[in-house]
Amino acid sequence: MTEIKLHNVGITGMGMSFPDKILSNADLEKMVDTNDQWIVERTGIRERRIVEKGVGASVHGAEAARRAIAQAGLAPEDIDLIVVPTVTPDMMFPSTACIIQDLIGATNAWGYDLGAACSGYLFALESARCQVASGMAKNAVVIGTEVMSSIIDYEDRNTCILFGDGAGAAVIQPVADSAPGIIDSINYIDGSGVKHLHMKAGGSQMPASSETVANKLHYVYQEGGEVFKRAVRGMADVALQVVEKNGLKKSDVKLLVPHQANTRIIAAAQRRLELTDEQVVITIDRYGNTTSASIPTALQIAYEEGRVEKGDLVVLVSFGAGFTWGATLLRWGL
Ligand code: UT7
């Protein structure tokens, strides 16, 4: 049997794109019975970005991908794999990967969408990394893009304050064995969590009908408290697990890039890894929870703010619907 030599894989380009339109806590105060103080204290969110009506997830996804590809010094034709984790695809089918491929002119790529909700980015990154590591793909782009505003009931104060729209992308490529790259990832699913966070209608089990629309079943349904408890435990546990599994210490970690769902959930992971505030990336105040876009955009913002340097050990960690959760350990290479 031929032995496959696995390549070291690194992030070589990043890009993000957000809509211009801001939905602030003050705006939401006019829409539902809520207030800025409650939202900030309970979630950490001050504002989020919202697309104009009719803008699908592919639009900002394509722009984020173009920017990531350019930063990697590649042309769209060089891309051979596109993976798009999204819960708000432009359409049920075809995949948003196909739509983005056409928009950016990545004519030599194959690709697919991947569904893991807020853990989508880490699951997609790992899926793409396996292909680049094995030599099946050379220049992959992983694009987290969401139009969460399309599945949010702006009359439900439990959910409408939480989510925002946007996109983040990373190009991954084989890098020298000695270069900084993605070290490892640990990922989990637990389907017993389905009942706590989902969208009831619009899938094959309950296709769209006038009744499903009248009953508001095409929106995010979340039992916040239950999800909160599981997220606190899941994110903190898996973040530490990926560090220890690789023979490293908490003190080796330079930066934690958590999924941005709630600053109180993030604080639990921060405490478990014994990190300072400076070592934890928070973008939820500006962008809310952008589901699959939250980790790549937070990572890029941290990079642009000079909070991570070449060779630094970084932990990416997520928790989301499913339940799904995971952590990725990498050495920063840009
Ligand atoms: O990213 C995917 C995974 N999702 C998550 O990780 C989200 C996890 N969950 C959470 O982040 C939190 O559970 C929420 C932010 C969604 C809610 O915070 P909470 O501290 O769990 O609040 P709660 O749902 O227990 O509600 C507390 C009170 C309730 O009033 P009563 O029953 O105590 O009188 C709510 O009705 O706060 C009320 N409330 C609000 N008040 C003002 C709920 N939403 C609002 C609101 N404004 N927007």
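Fair warning: this is a prediction, and the values are worked out from it, not measured in the lab. Each chain carries its own residue numbering, running from 1 in the written order of its sequence. A pLDDT threshold of at least 70 governs which residues receive local features in this predicted model, and a stricter bar of 80 or more applies before side-chain atom pairs are shown or counted, although totals over entire chains, interfaces and linings include all residues. Values reported for side chains reflect all heavy atoms of the structure, with hydrogen atoms and water molecules removed beforehand.

Colleague: Before we go on, may I ask you to explain the overall build of the protein chain in this structure?
Modeller: Elements are defined by DSSP. Helices are runs of H or I of four residues or more, strands are runs of E of two residues or more, and each kind is numbered from the N terminus. The number of helices and strands found in the protein chain is 11 helices and 13 strands. Over its C-alpha trace the protein chain gives a radius of gyration of 19 Å, about what one expects of a compact globule, namely 20 Å for 334 residues. Taken over the C-alpha atoms alone, the protein chain extends approximately 60 × 45 × 40 Å along its principal axes. With a 1.4 Å probe rolled over the protein chains alone, any residue whose accessible area is under 20% of its type maximum counts as buried; one over 50% counts as exposed, and the rest are partly exposed. Counting over 334 residues, the protein chain shows a buried share of 55%. Contacts spanning at least 24 positions in sequence make up 77% of the contacts within the protein chain whose residues lie at least 6 apart. Carbon and sulfur atoms make up 52% of the accessible area of the protein chain, which amounts to about 14,400 Å² in all. Under this rule, positive means Lys or Arg and negative means Asp or Glu; His and the chain ends count for nothing. A single reference atom marks each charge: NZ on Lys, CZ on Arg, CG on Asp, CD on Glu. With 30 positive and 39 negative side-chain charges, the protein chain shows a spacing of 4 Å between the two charge centroids. C-alpha atoms define the radius of gyration, and 2.2 Å times the number of residues to the power 0.38 defines the globule rule. In what follows, a contact means two residues having at least one pair of non-hydrogen atoms within 4.5 Å. Residue exposure ignores everything except the shown protein chains as possible cover, and the areas themselves are Shrake-Rupley values with a 1.4 Å probe.

Colleague: Would you mind showing me how to read the site of the ligand here?
Modeller: In these notes, residues near a molecule or strand are those with any non-hydrogen atom within 4 Å of it. Inspection of the region around the ligand gives 22 residues, with Thr34, Cys118, Arg157, Asn262 and Asn289 positioned closest. In protein, a polar contact means a hydrogen-donor-capable atom and an acceptor-capable atom, both N or O and within 3.5 Å, with residues adjacent in sequence counting only if both atoms are side-chain atoms; elsewhere, any N or O pair within 3.5 Å suffices. The side chain of threonine 34 places a nitrogen or oxygen atom 2.7 Å from a nitrogen atom of the ligand. Histidine 259 has a polar side-chain atom sitting 3.0 Å from an oxygen atom of the ligand. Of all the secondary structure elements, the ones that give two or more residues to the shell around the ligand are helix 2 (36-43), helix 6 (157-160), helix 8 (224-245) and helix 9 (263-273). By residue number, the principal contributor to the shell around the ligand is helix 8, which donates four residues. Three residue categories are used. Nonpolar comprises Ala, Val, Leu, Ile, Met, Phe, Trp, Tyr, Cys and Pro, charged comprises Asp, Glu, Lys and Arg, and polar comprises the others, including Gly. Looking at the shell around the ligand, its residues break down into nine nonpolar, nine polar and four charged.

Colleague: Just checking my understanding: could you explain the side chain of glutamine 260 for this structure?
Modeller: Mapping glutamine 260 onto the fold places it in the loop between strand 11 (255-258) and helix 9. Each residue touching glutamine 260, except ones within four places of it in the same chain, is listed here: Ile266, Val281, Ile282, Thr283, Ile284, Gly288, Asn289, Ser294 and Ala298.

Colleague: Is there a simple way to explain the sheet that holds strand 4 (residues 81-85) in this structure?
Modeller: For sheets, the rule is that strands pair by backbone hydrogen bonds, running either parallel or antiparallel. Strand pairing requires that DSSP identify at least two bridges connecting the strands. Spatially, 1-7-6-4-5 is the arrangement adopted by the five strands of the open sheet, whose pairing is mixed. One side of each edge strand has no neighbouring strand; the edge strands of this open sheet are strand 1 (8-17) and strand 5 (110-114). The mean inter-strand angle of the sheet, taken between neighbouring strand axes irrespective of direction, is 20°. Sheet topology places strand 6 (residues 140-146) next to strand 7 (residues 166-175); seven bridges connect them, and they run antiparallel. Of the residues in strand 7, the one forming a bridge with glycine 144 is glycine 168. Whenever a helix is involved, its axis is fitted only over the stretch in contact; in every case the axis is a line through C-alpha atoms, and angles between N-to-C directions fall within 0 to 180 degrees. Sheet strands touched by helix 4 (residues 96-104): strand 4, strand 5 and strand 6. Its angle to strand 4, the strand with the most contacts, is close to 130°. Of the strands in this sheet, strand 1 and strand 7 touch helix 11 (residues 294-304), which is tilted by about 90° from strand 1.

Colleague: I keep staring at the sheet that holds strand 12 (residues 313-320) and nothing clicks. Help me out?
Modeller: The mixed open sheet is built from four strands, whose spatial order is 8-13-12-11. With partners counted over all chains shown, the strands left at the sheet margins are strand 8 (182-189) and strand 11, one partner each. Along the sheet, successive strands turn relative to each other by an average axial angle of 10°, direction set aside. Where strand 12 meets strand 13 (residues 324-331), eight bridges bridge the pair, whose relative direction is antiparallel. Looking at the pairing, phenylalanine 319 lines up with tryptophan 325 of strand 13. On top of the sheet, helix 5 (residues 120-134) reaches strand 8, strand 12 and strand 13; it is set at about 125° to strand 8, its chief contact.

Colleague: I would appreciate a short explanation of unusual backbone geometry in the present structure.
Modeller: Only a minority of non-glycine residues have a phi that is not negative, and only a minority of peptide bonds are not trans. In this structure, proline 94 follows phenylalanine 93 across a cis peptide bond, with omega equal to 0°. Its place among the elements puts proline 94 in the loop between strand 4 and helix 4. Each neighbour pair has its own omega, and for glycine 322 with phenylalanine 323 the value is 0°, a cis peptide bond. Looking at the secondary structure, you find phenylalanine 323 in the loop between strand 12 and strand 13. Its identity as a non-glycine residue notwithstanding, lysine 216 has a phi of 55°, on the positive side. The phi torsion at threonine 291 lies on the positive side, around 50°, for a residue other than glycine. Relative to the helices and strands, threonine 291 resides in the loop between helix 10 (284-287) and helix 11.

Note that all results are geometric; they support no functional claim without further evidence.
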